[in-house]
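Commentary on secondary and tertiary structure
Okay, here's what each chain looks like letter by letter:
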Amino acid sequence: MRFDSDVAIIGGGPAGSIAAARLSGLGFRTTVFDATGLKKRHRAESLTWQGHRFLRFIEMTEGIEESIIQETTGATIRWANETHERHVTAIQVDRGQFDAALLRFAKSQGAVVSELARVRKVRPQKAGERGGWILTVDTERTTVDHHTRFLVDATGARDLLGHGRTLIRPRTIALIGTHRVDAPGATTFIEATKNSWCWLAPAGQRKMMFAAFVDPLKRGSRNKRDLAQHYFANLVECKFASRLCDAPIAKPVACLVNASRSNQVVGDDWIKVGSSAISYDPLSSQGLHCAMVSGFQAAAVVNTIHAGGNARLAQDFYTKQVYRSADLHKRNTGRLYSDHAKVCPTSFWLSRETRKDAGSQPDLEPSLDFSEKLWIGGRVSFRECAALANDKIVSEVGMCLEQQEPITRFGGTPITEFTRHVDGSRSGKELISVWSRQTSRHDAEQLFRYLVQHRAIVPHKTHVSSSLASMHTRRKNE
Ligand SMILES: Cc1cc2nc3c(=O)[nH]c(=O)nc-3n(C[C@H](O)[C@H](O)[C@H](O)COP(=O)(O)OP(=O)(O)OC[C@H]3O[C@@H](n4cnc5c(N)ncnc54)[C@H](O)[C@@H]3O)c2cc1C
């Protein structure tokens, strides 16, 4: 049997493009089929600093500058009857240009990109034909069959391969419009209203995007006029939106933004990446970053399976990543919904809260001037876990925090290279300074914030530092 590709990727969004770039770089003959290709919709989305850092880490920067609409330096949040400012840097990207840049990156690494090519059907090769898949692809002019050994489903929340999905939150839609404003500024705004939460963000020169996240509209009220009415009803409720004086530039649109995960994410010759595996509640602004990371992880899983590594370890690693991420996401966003449900107990908020987890982890805002000497916290343990290293899934020492994903590496460097400096001899300032030799100062500060927020490093001695020491000694002796 002759295969047209080693790996066929269906979908050229952020997840599919990163998987394609990585797999091509590793020498796999990779083909991407994308129904929309470079003619994508131009919508503004927020890329977190972690997402931006990830692109730098994989040395993918070309074309990203052009897709940046604006850098945002903070968010003003009105939630649970309180207003506060958060210092969070992010960039607003034009999704059309952002996705096009990522697809070009995949091409530059050797992937074949078939644009305006919709995969209509996938079926496994018949038994006796040594595995693999046959894809039926509709292009602009013709329909062709494509034979591949391995399949990557990157079709977004449509999830072409099926297997059923579990909802993380009740079904939600976004009503979206763009307005002209005099000065969009560099801040995004988030506001909880009675039956929705709203997001306002700069969307290019003298433009702002408004999105209201609401329960799905009832049947029979989904025509354009009703949709526009719902849009304006939500806009009027949102106090931050009072700055939008004019009507939207084009008619508002509605799209599904359900947070859900697939019930099966990887098999012996297929894997789901990005929203196809897990789609996030937009409240977290995590979707883009996580989609790209899952493309990167999936490439390592495929590489492990095909390079004779531990295929079972690789599949378990990937499944756990997705399931754990879904659980964490449910808990963290559920807590936010619970906060507002306490002051606004409408069905929108009550149906989204996650009561039993509410308030389990207070949000510390750590000062970077932490002058006390710091230790590893009692919530931490270090143990062997499956990790991604050098494009393979291997077993490595990880830092395990209660209810969080184990951290094995930070920016490609083993996490123990950072934590070994936390031994009671250094203050926060000193730690950041030492860590800055291994990563950028910005990333060192972010890691510090994260670890303090999760009480992984604390200003008093705990028993865990010794378990870390013994782990280091064991590793050295091995
Ligand atoms: C309204 C809205 C606002 C959002 N805002 C943010 C935000 O501010 N920040 C953030 O981080 N995330 C945001 N997200 C989430 C983010 O858009 C997704 O997480 C991200 O797009 C997932 O990337 P992906 O590659 O998995 O899928 P997608 O981006 O959905 O890409 C899937 C690709 O597959 C193609 N495709 C589908 N079916 C086929 C087929 N049969 N054959 C060939 N090609 C096919 C599609 O054309 C598409 O190009 C938002 C989502 C929505 C809906």
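Note that this is a predicted model, so its numbers are computed, not measured. (Residues numbered from 1 in each chain as written. Predicted model: local features only at pLDDT ≥ 70, side-chain atom pairs only at ≥ 80, totals over all residues.)

1. Structural notes on the overall build of the protein
Helix and strand content of the protein: 12 helices and 26 strands. Taken over the C-alpha trace, the protein has a radius of gyration of 23 Å; the compact-globule value for 478 residues is 23 Å, and the two agree within 12%. In terms of principal-axis extent, the alpha carbons of the protein reach across some 65 × 65 × 40 Å. Residues classed as buried in the protein amount to 43% of the 478 residues present. Contacts in the protein between residues at least 24 apart in sequence constitute 69% of all its contacts with a sequence separation of at least 6. (Helix = DSSP H or I, 4+ residues; strand = E, 2+ residues; numbered from the N terminus. Rg over C-alpha atoms; globule rule 2.2 N^0.38 Å. Buried ≥ 20, exposed ≤ 12 C-beta atoms within 10 Å, placed from the backbone. Contact = placed C-beta atoms within 7 Å.)

2. Section: the packing of helix α10 (residues 428-435) against helix α11 (residues 441-453)
Here α10 crosses α11 at 135 degrees, and the two axes come no closer than 8 Å. Considering the angle they form, α10 stands oblique to α11. Crossing handedness for the pair α10 and α11: right-handed. Contacts between α10 and α11 involve Gly428, Leu431, Ile432 and Trp435 from the former and Ala444, Glu445, Leu447 and Phe448 from the latter. (Axes fitted to C-alpha atoms, helices over the stretch in contact; angles between N-to-C directions. Parallel < 35°, antiparallel > 145°, perpendicular 65-115°, else oblique. Left-handed = near helix turned anticlockwise from the far one by under 90°.)

3. Some thoughts on the site of the ligand
As a matter of local geometry, the ligand sits amid 34 residues, with Gly11, Gly13, Gly156, Gly274 and Gly287 nearest to it. Elements with a contribution of two residues or more to the shell around the ligand: α1 (14-25), β2 (30-34), β3 (44-48), β9 (118-124), β13 (173-180) and α6 (287-306). A per-element tally of the shell around the ligand places α6 first, with four residues. Tallied by class, the residues present in the shell around the ligand amount to 15 nonpolar, 15 polar and four charged. (Near = placed C-beta within 6 Å. Nonpolar A, V, L, I, M, F, W, Y, C, P; charged D, E, K, R; others polar.)

4. Re unusual backbone geometry
Although it is not a glycine, Leu116 adopts a positive phi angle of roughly 50 degrees. With respect to the element layout, Leu116 can be found in the loop between β8 (112-115) and β9. With a phi close to 60 degrees, Asp391 is a non-glycine residue in the positive phi region. With respect to the element layout, Asp391 can be found in the loop between β22 (380-389) and β23 (392-401). Residue classification places Asp391 among the partly exposed positions, given that 17 C-beta atoms sit within 10 Å.

5. Details of α1
Its 12 residues place the ends of α1 17 Å apart at the C-alpha level, agreeing with the 16 Å of an ideal helix rising 1.5 Å per residue. Most of α1 sits out of view: 11 of its 12 residues are buried. Along α1, the residues classified as buried are Pro14, Ala15, Gly16, Ser17, Ile18, Ala19, Ala20, Ala21, Arg22, Leu23 and Ser24. Of the surrounding secondary structure, the elements contacted by the buried residues of α1 are β1 (5-10), β2, α4 (95-108), β11 (143-153) and α6. Downstream of α1 by one or two residues, Gly27 has phi in the positive range, about 100 degrees. (Expected span 1.5 Å × (residues − 1).)

6. Considerations on the domain arrangement of the protein
When its domains are assigned, the protein resolves into domain 1 (5-167 + 259-325), domain 2 (173-256) and domain 3 (375-477). Inter-centroid distance (C-alpha atoms) of domain 1 to domain 2 is 28 Å. The partner domain 2 presents 17 residues to the 17 residues of domain 1 that form the contact. The set of elements that each furnish at least two residues to the side of domain 1 that touches domain 2 consists of β3, β4 (68-72) and β5 (74-79). When residues in the side of domain 1 that touches domain 2 are grouped by element, the largest group, six residues, is from β5. Here the residues of the side of domain 1 that touches domain 2 sort into eight nonpolar, seven polar and two charged. (Domains from an automatic or database assignment.)

7. Quick look at the sheet that holds strand β12 (residues 165-167)
One open sheet accounts for three strands, arranged β12-β18-β20; its pairing is antiparallel. The open sheet is flanked by β12 and β20 (278-279), the only strands paired with a single partner. Pairing of strand β18 (residues 260-262) with β20 involves two bridges; the strand directions are antiparallel. If you follow Ser260 over to β20, its bridge partner there is Ser279. (Pairing = 2+ DSSP bridges.)

8. Here we look at the sheet that holds strand β7 (residues 90-94)
Strand order in the open sheet made by the three strands is β3-β7-β4, with antiparallel pairing throughout. What marks the edges here is a single partner per strand, and that holds for β3 and β4. For this sheet, the mean inter-axis angle between neighbouring strands, taken without regard to orientation, is 25 degrees. For β4 and β7, the ladder comprises four bridges, and the chain directions are antiparallel. Across the sheet, Gln70 pairs through a bridge with Gln92, a residue of β7. The sheet strands contacting helix α2 (residues 49-57) are β3 and β7, and the helix crosses β3 at an angle near 75 degrees.

9. Re the nonpolar core
In terms of nonpolar packing, the biggest core is built from 103 residues, with Ala19, Val152 and Val301 touching the most fellow members. No other element matches the 12 residues that α6 contributes to this core. Every residue in contact with Ala19, bar those within four places of it in the chain, is listed here: Ile9, Val152, Ala154, Val273, Gly295, Ala298 and Ala299. Listed in part, the 22 residues of the second largest apolar core include Val397, Ile415, Trp435 and Ala456. (Core = buried A, V, L, I, M, F, W, Y, C linked by C-beta atoms within 7 Å.)

10. A closer look at α11
Between its first and last C-alpha atoms α11 spans 18 Å; for 13 residues at 1.5 Å apiece the expected length is 18 Å, and the two agree. If you check which residues of α11 are buried, you get Asp443, Ala444, Leu447, Phe448, Leu451 and Val452. One face of α11 carries all of its buried residues, which in axial projection span an arc of 165 degrees. In this structure, the buried residues of α11 make contact with α2, β24 (409-410), α9 (416-419), α10 and β26 (457-458). (Arc of directions from axis to C-beta.)

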